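Fold and geometry: a report
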Amino acid sequence: MNKIKFFALTVLTVMMVALVSCGGRQDATYKGKLGTFEFKGDTVTWTDDDYVAKGSYTGNAAKNGKVNITINEESKDGGKTFSDRMEIYKASVEDGVLTIELDGYPFHWSIVK
């Protein structure tokens, strides 16, 4: 009987871990006056004409809530060469609109469906 209980507990644990991991981040893309933000997997890419910035983020950019963006590298030649850059942006998503404050002013990007 103990073997059956152990097996059942193991199966339930595996199912719970699988269920929790499915509730993670979703990819999202936002376009606005200052280019495009693409959140894919664990990375974020900001493109605007020849400017490309790459980094990571926390939060879920596809749902309402807070998103913290950390830019680690940037390119000013369309992504041909990158240089180190460290910039952290506090952003929020509300009803399909990404808002980031840059130089004291809020800028908005709309989700691409």
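The structure this text deals with has already been given above.
Cut-off values and rules
- Residues numbered from 1 in each chain as written.
- Predicted model: local features only at pLDDT ≥ 70, side-chain atom pairs only at ≥ 80, totals over all residues.
- Heavy atoms only, no water.
- Pairing = 2+ DSSP bridges.
- Helix = DSSP H or I, 4+ residues; strand = E, 2+ residues; numbered from the N terminus.
- Core = buried A, V, L, I, M, F, W, Y, C linked by side-chain atoms within 4.5 Å.
- Buried < 20%, exposed > 50% of the residue type's maximum accessible area, 1.4 Å probe, protein only.
- Salt bridge = Lys/Arg side-chain N within 4 Å of Asp/Glu carboxyl O.
- Axes fitted to C-alpha atoms, helices over the stretch in contact; angles between N-to-C directions.
- Phe/Tyr/Trp six-rings, centres within 6.5 Å; stacked < 30°, edge-to-face > 60°.

With seven bridges connecting them, strand 4 (residues 51-58) and strand 5 (residues 65-75) associate as antiparallel partners. If you follow A53 over to strand 5, its bridge partner there is E74. Connecting strand 4 to the antiparallel partner strand 5 that follows it, the hairpin turn spans six residues, and G59 within it adopts a positive phi of roughly 100 degrees. Pairing geometry for strand 5 and strand 6 (residues 83-94), over nine bridges, is antiparallel. Note that in strand 6 the partner of T70 across the bridge is I88.

If you look at the biggest cluster of nonpolar residues, it comprises 20 residues, and the most contacted ones within it are Y30, F37, F39, I69, L98 and I100. Those elements that provide at least two residues to this core are strand 1 (28-32), strand 2 (35-40), strand 3 (43-48), strand 4, strand 5, strand 6 and strand 7 (97-102).

This brings us to the pairing of strand 1. As defined by bridge partners, strand 1 adjoins strand 2 across five bridges and the pair is classed as antiparallel. Bridging across to strand 2, K31 finds its partner in T36. Linking strand 1 to strand 2, which pair antiparallel, is a turn of two residues. Where strand 1 and strand 8 (residues 105-111) come together, three bridges link them in antiparallel fashion. Of the residues in strand 8, the one forming a bridge with K31 is S110.

Attention now goes to the pattern of salt bridges. In the structure shown here, the tally under the stated rule is two salt bridges. We note a salt bridge from R85 to E87, for which the minimum N-O separation is 3.6 Å. Note on R85: relative accessible area 19%, which makes it buried.

Turning our eyes to something else, we now look at the sheet that holds strand 6. Pairing in this closed barrel of eight strands is antiparallel, and the strands run 1-2-3-4-5-6-7-8 around the ring. Each strand of the sheet is rotated relative to its neighbour by a mean of 30 degrees, with strand direction disregarded.

Aromatic ring pairs are described here by two measures, namely the spacing of the ring centres and the angle between the planes. Applying the stated rule across the entire model yields eight aromatic pairs. A ring pair is formed by F37 and F39, whose centres lie 6.2 Å apart and whose planes are at 15 degrees; its orientation type is stacked. For the residue pair F37 and F39, the accessibility class agrees, reading buried in each case. Ring geometry for W46 against Y89: centres 6.0 Å apart, planes inclined by 85 degrees, an arrangement best described as edge-to-face. You can see W46 sitting in strand 3 and its partner Y89 sitting in strand 6, a full 43 residues away along the chain. Considered together, W46 and Y89 belong to a single accessibility category, that of buried residues. Here the aromatic cluster, defined as three or more aromatic residues joined through ring pairs, consists of Y30, F37, F39, W46, Y51, Y57, Y89 and W109.

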